[in-house]
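Coordinates in review
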Amino acid sequence: MPDMSASASLAMTHLVTFAKEVDEDKVTPGVLGFIVFAAMALAVWALMKSMSKHMNKVDFKESPDETSGTGTAEGPSGKASPAKG
């Protein structure tokens, strides 16, 4: 390591000694961690596939807004409703 500065080599020395002090069996996730991660990945994949399927069923086409601007209230059929009162 000829191009390292003094502070970088000192930091590297501390990190290497710290890594040797840590018990490797307690740090690694192991097989159980892999199984949990794989199950979560499969669940996310299934949810994304389901969401894509549901989003493809949605119709995003809107009917044009045909308000005349006269101030009359229109019902669901598009005809003006009689005034109450």
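Bear in mind the structure is a predicted one, so any value in this text is a computation, not a measurement.

Regarding its fold elements, the protein presents 3 helices and 0 strands. Listed N to C, the secondary structure of the protein is α-α-α in terms of helices and strands. Element-wise, carbon and sulfur atoms account for 65% of the exposed surface of the protein, whose accessible area totals about 8,400 Å².

Across the protein, pLDDT averages 74, with 52% of residues at or above 70. Helix 3 (residues 30–57) holds the highest mean pLDDT among the elements of the protein, 95, whereas helix 1 (residues 6–21) holds the lowest, 63.

Scoring rules and cut-offs
- Residues numbered from 1 in each chain as written.
- Predicted model: local features only at pLDDT ≥ 70, side-chain atom pairs only at ≥ 80, totals over all residues.
- Heavy atoms only, no water.
- Helix = DSSP H or I, 4+ residues; strand = E, 2+ residues; numbered from the N terminus.
- Areas by Shrake-Rupley, 256 points an atom, 1.4 Å probe, with all protein chains shown as cover.
- pLDDT = per-residue confidence, 0-100.

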